[in-house]
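# Residue-level structural notes
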Amino acid sequence: MVQPQPDGPMQWDMPAEESGGTLRVSAELAANEVVTRLLGDNQQLREALRQSNLALRQRCEEMEGWQRRTREEREFLSSRFQEARSLVERLAQENHSLQGLVNGPASSSNHSCSSSQTEDLQGRPAKNGPHDGPQTLDQRERKRVEETDQHTQTLPPRSLPVEDANEFPQLLKSHKEKLEEGMRELRRKNEELERHRDEGEKERERMHCCIVQLQAKLAQAQANSVAEEAVQHRSEAQHSSDWYRELEEKLDYLQKSSAQRDRTEAHLKQKDKECAQIAKDCDALKAQATSLLGELKERQSCLEKSEHERKMLEDKLCSKLKALQVAERELEQQRKQHHVAMDKLLLQTQSLEQALKTERHVVTEEKKKLTQLQHAYTCLFRDYDSKLKSEGGDLCSRLEEAERALALKQDLIDKLKEEVEQLKGSLETVPVLTAQAEIYKADFLAEREAREKLNQKKEELQDHLTQALAEIDRLKQEATSRARMEQMKMRHMEDFPPRAPHIPPPQGVFPGTAFNTVPPAPSFRNAGLVPVGDQGAAGAEDVPDLCCPKCQYQAPDMDTLQIHVMDCVGMDCCVIPLRHGGLSLVQTTDFFYPLVEDPYMMGRIACANVLSDLYAMGITECDNMLMLLSVSQKMNDKDRERVMPLMIQGFRDAAEEGGTSVTGGQTVINPWIIVGGVASVVCQPNEFIMPDGAVPGDVLVLTKPLGTQVAVNAHQWLDQPERWNRIKLVVTKEEVKEAYQEAMFSMASLNRTAAGLMHKFQAHAATDVTGFGLLGHANNLAAQQRNEVAFVIHNLPILAKMTAISKACGNLFNLVQGTSAETSGGLLVCLPREQAAKFCSEMKSQSSAAGGPGVAGGAWIIGIVEKGDRRARIIDKPRIIEVPPRGSQAANQDNSSTSPAPSPNLS
């Protein structure tokens, strides 16, 4: 951290990266547009950091100048303080001199009175009294002042606060206390001087009486004509007059001393006021210095944080570039391997075609030979008949020869047949070669899938680069916030009072109004939220916008808006704008009767059913849940104590799995068991998706299979022979139990993953499939759309064997018609066509990762969105997708296959 140095110039340590260095990349990456743009943004960030460093350096230089000027001002105040101290000491010396002066006249007057009473009128002590007294006092006063000045000059300036600005106010306070103590001492001595002055006046009156008595005696002596006594009394009168003059001079001196004391007291009061002003100025300077140091520390911490984030971004960029290079190398290697494999396949195909042509040519030649042999045999048989007819010789010998020739021909024919069978066997190798070609084709498809994965990884890297760019934009916004802090500082420049007029500041002193003591605004978790009370930064954004998030209706007040939103949205989950700008309350409630035998799983199913309304709007986080539980009065205490805690535990565990907690609820006694809850969340508009944005061309995706009601009822019919006999021909008891377990686990599963993927793949609308069945909820969702669209459903993913059970019951559940009730079903999501397959693949991969192999999960594309009258329909013969139960062999094979592709019926 950069700290201001008190005695020297400011030292700066600039990293080598900020001095204009650039990030070096390879020539392959330099041609990439994304890397080039990222390097440009990085260079802009470097320039912004450099400008910030230059501004901070200038600010610290200004701080250094302010410290220098503050030091000069402290020296000036120290000199003034020395003057005030010397003045106080001089006044103390004058006080001592006045005290000595008061003590001198009192002793001399007492001595004179004793001399007059004893009639010792020699005049020796009175000769030097009136003349030497004041001169001795003046000399004594000058001597004390000179000694005090010498002592002040020799004292070290230990009280001058040169190094530590915090001790200076304390020293001023201590000196102020000493001055107040001196003032009290002066007042006390002043009272003593006034008392002595009163005593002097009384002494003067008494001396005046003595003079009158002496003059009377002198008149009496003149009357008696006593010469010697007259001379003596005359000399005594002369001495008394001299003494009277001396007393008058002392009285004048005391009056002058009192006036000087009053002036000294006024001067001390003025100095007291000046010391108080100096203390206030020191406090102001201390506050300014503290605020500047705090601001400097904060700026330095911001700079260090920005530098750390810049380094982190550079490290991320380097890692992403390396990963991109590795991915490109892998892609190039895969491409080379693909070319090699294609060349091999082409060579094998050519060789197979050549061998097939050769085999066909051999077969043609053999057929020609067989035809020739048959023709030769016919000719030979005709010649034989002709010879028999023409010759008529020994028929037996000829017949034998003919039989031998026929046997030879038959052997030849058998050989030819064997060759034909061999040729047929060679022709049977053609399907084997075709199968090999299919294998090669499968390898090619797998390689294409690997290339698609590489492209997906490349897109993820592109997303990471986008996030890095967003981080850079955030840093730019922080730089903008720093500029806004500077503007705030300029706006608060006039918060400090000006300096006192009687203490002129030294040349170049920084004005007090140039310091900013207002702390910077605190940083908030979400940049979109404005802190309460920050009227300067928020402005008009603090006023909530009374506008419906769906139809943009502008309401006159908040109550009208809340009522309108509840009527306008028309879904199970209500969205209520709050009085705090930018926030909305999303809340839902639901409850139903138990439908499975396990109380723990029933609690989980109830919690999942309540949360599905939030998940249908793309909300993945719930702030609070309440549980609603009705205990049956027909249950005894033992059963109640066993069943209800398990149901509550299942509800709580499902809530914790959803990232929330159950903070309360309501439990009542009822004829039937009822379980449900309330889910609430306060969120911003970008955290939920309004269910009204479907457009023609979208694809309908379902995240859970249908048929849970059929599976639960079929499991109940195992103990009802009349109903079981209706379905036992199409399903076994083991299959019913497996379907029941699959339905129970499906209902207890949360739709949180699908809600998170709705944001990732830009879903336009969604709803959860529950009591009204697939078609009922699809109709409800279609009716809420802003555009004139219609939902057409082609495919129905249904639990295995449930379709057969529904048909065996005479369409009791209307499962294929889409009106069969579901509990805690999946989400029906409207997605863009190009995002639907990725959504299904991501759902399937996350389900497999969450539950391991053998877990039947994922999503299915079941229909499309087209222009229409805001209704939904199922085609006459929809394709039934049998979803096997988890753990079965069919489910394992389904999980090992690739992600589901769009159905051919949707094109």
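The residue count restarts for each chain, going from 1 along the sequence in the order it is written. Thresholds applied to this predicted model are a pLDDT of at least 70 for local features of residues and 80 or more for the giving and counting of side-chain atom pairs; totals over whole chains, interfaces and linings are not thresholded and use all residues. With hydrogens and water set aside, each side-chain value is computed from the structure's full complement of heavy atoms.

Each helix and strand counted, the protein has 18 helices and 11 strands in total. Taken across its 907 residues, the protein has 37% of its residues classed as buried. Shrake-Rupley sampling with a 1.4 Å probe provides the accessible areas, and residues are treated as covered by the protein chains on show and by no other component. Taken as a whole, the protein presents about 52,200 Å² of accessible surface, with 52% of it coming from carbon and sulfur. Secondary structure elements are defined from DSSP: runs of H or I of at least 4 residues count as helices, runs of E of at least 2 residues count as strands, and each element is numbered from the N terminus. Relative accessible area decides the class of each residue, using a 1.4 Å probe on protein chains only: under 20% of the type maximum gives buried, over 50% gives exposed, and in between gives partly exposed.

Take helix H14 (residues 752-760) next. Burial in H14 covers these residues: Ala754, Ala755, Leu757 and Met758. One side of H14 carries all its buried residues, which in axial view fall inside an arc of 165 degrees. One or two steps after H14, the chain reaches Gln762, where phi turns positive at roughly 55 degrees. In this description, the arc belongs to the directions extending from the helix axis to the C-beta atoms.

In a structure, side chains of opposite charge can pair up when their charged atoms sit close to one another. Basic side-chain nitrogens of Lys or Arg form a salt bridge, by our definition, when they fall within 4 Å of a carboxyl oxygen of Asp or Glu. Per the counting criterion, the structure on display carries 15 salt bridges. Between Lys838 and Glu459 there is a salt bridge whose closest N-O contact spans 3.9 Å. Of this pair, Lys838 sits in helix H17 (residues 833-851) while Glu459 sits in helix H6 (residues 395-491), and the two are 379 residues apart along the sequence. A salt bridge links Lys760 to Glu842; the shortest N-O distance between them is 3.9 Å. Of the two residues, Lys760 sits in helix H14 while Glu842 sits in helix H17, which places them 82 residues apart along the sequence.

Attention now goes to the sheet that holds strand E2 (residues 584-592). At least two DSSP bridges between two strands are required for those strands to pair. Sheet architecture is open: five strands sit in the order E1-E2-E5-E3-E4, paired in mixed fashion. Single-partner strands in this sheet number two, and they are strand E1 (574-577) and strand E4 (662-670). Ignoring strand direction, the axes of neighbouring strands in this sheet form an average angle of 15 degrees. Strand direction decides the pairing type here: strand E3 (residues 624-632) and E4, joined by eight bridges, are parallel. Its bridge partner being in E4, Val631 is matched across the sheet by Ile669. Contact between two residues is taken to exist if any of their heavy atoms lie within 4.5 Å; hydrogens are not considered. Think of each axis as a best-fit line through the C-alpha atoms, taken over the contacting stretch in the case of a helix, with angles from 0 to 180 degrees between the N-to-C directions. Helix-sheet contacts for helix H10 (residues 637-657) involve E3, E4 and strand E5 (674-683), and the interaxial angle to E3 is about 160 degrees.

So, on to the sheet that holds strand E7 (residues 765-768). Pairing is mixed across the open sheet formed by six strands, whose spatial order is E7-E9-E6-E10-E8-E11. Looking at which strands have only one partner, the edges of the open sheet turn out to be E7 and strand E11 (872-883). With strand direction ignored, the average angle separating the axes of adjacent strands in the sheet is 20 degrees. Relative to strand E10 (residues 860-867), strand E6 (residues 699-702) is paired through four bridges, and the arrangement is antiparallel. Pairing of Val699 across the sheet is with Ile864, part of E10.

We now examine the confidence of the model for the protein. Summary statistics for the protein give a mean pLDDT of 76 and a share of 72% for residues scoring 70 or more. Across residues 852-856, where pLDDT falls below 50, the model places 16 contacts with residues more than four positions away in sequence or in other chains. pLDDT measures the predictor's confidence residue by residue and takes values from 0 up to 100.

This paragraph deals with the nonpolar core. Formed by 62 residues in total, the largest nonpolar core has its most connected members in Val586, Leu611, Leu614, Met625, Val701 and Phe839. For this core, the element with the most residues is helix H9 (residues 599-615), which contributes 10 residues. The split of the chain into domains comes from an automatic or database domain assignment. Two domains each provide a minimum of three residues to this core, namely domain 3 (581-688) and domain 4 (689-886). What Phe839 contacts, discounting residues up to four positions off in sequence, is Val701, Thr703, Ala754, Leu757, Met758, Phe761, Leu831 and Ala859. Working definition of a nonpolar core: buried Ala, Val, Leu, Ile, Met, Phe, Trp, Tyr and Cys residues. They are joined through side-chain atoms within 4.5 Å.

In this scheme, patches are assembled from residues that exceed 30% relative accessible area and form no salt bridge. Like charges are connected within 9 Å, while nonpolar side chains (Val, Leu, Ile, Met, Phe, Trp, Tyr) are connected within 5 Å. Counted as positive: Lys and Arg. Counted as negative: Asp and Glu. His and the chain ends are not counted at all. The atoms used to mark charge sites are NZ of Lys, CZ of Arg, CG of Asp and CD of Glu. Taken together, the side chains of Asp411, Asp414, Glu418, Glu419 and Glu421 define an acidic patch exposed on the protein surface. Structurally, Asp411 can be placed in helix H6.

This next bit is on the packing of H9 against H10. Between H9 and H10, the shortest axis-to-axis distance is 7 Å and the interhelical angle comes to 40 degrees. Accordingly, the angle class assigned to the pair H9 and H10 is oblique. At the point where H9 passes H10, the crossing takes the right-handed sense. For the pair H9 and H10, the contacting residues are Pro599, Tyr600, Met602, Gly603, Arg604, Ala606 and Cys607 in the first and Val643, Leu646, Met647, Gln649, Gly650, Phe651, Asp653, Ala654, Ala655 and Glu657 in the second. Ten residues, namely Ala, Val, Leu, Ile, Met, Phe, Trp, Tyr, Cys and Pro, are considered nonpolar, four, namely Asp, Glu, Lys and Arg, are considered charged, and the remaining ones, Gly among them, are considered polar. Counted by class, the contact of H9 with H10 contains 11 nonpolar, three polar and three charged residues. Each angle gets one of four labels, with under 35 degrees taken as roughly parallel, over 145 as roughly antiparallel, 65 to 115 as roughly perpendicular, and the rest as oblique. Definitions for this section: a left-handed crossing has its near helix turned counterclockwise from the far helix by less than a right angle. A right-handed crossing has that turn clockwise.

Attention now goes to empty space enclosed by the protein. Buried and open spaces are told apart on a 1 Å grid over the protein atoms alone, a cavity being a set of points where a 1.4 Å probe fits but cannot get out and a pocket being an open set with protein on both sides within 12 Å along at least five of seven lines. Residues with an atom within 4 Å of a point are the lining residues. Grid points are joined across faces, edges and corners, and a volume is the space filled by probe spheres set on the points. With the rule as written, the count across this model stands at nine cavities of 30 Å³ or more. As a volume, the largest cavity reaches approximately 150 Å³. Forming the walls of the largest cavity are 13 residues, and the residues nearest its centre are Asn95, Leu98, Leu186, Arg261 and Thr264. For the lining of the largest cavity, the secondary-structure elements that each account for two or more residues are helix H2 (33-117), helix H4 (167-224) and helix H5 (227-391). At five residues, the largest contribution of residues to the lining of the largest cavity is made by H4. Along the lines of polarity and charge, the residues of the lining of the largest cavity split into four nonpolar, four polar and five charged.

Here we take up the pairing of E3. Inspection of the sheet shows E3 paired to E5 by seven bridges, in the antiparallel sense. Residue Ser630 lies in a different strand from E5, and its bridge partner there is Ile674. Whether a crossover is right-handed depends on one test, that the path from the first strand over the helix to the second runs clockwise when the strands point away from the viewer. As for the winding sense of the linkage, the β-α-β connection from E3 through H10 to E4 is right-handed.

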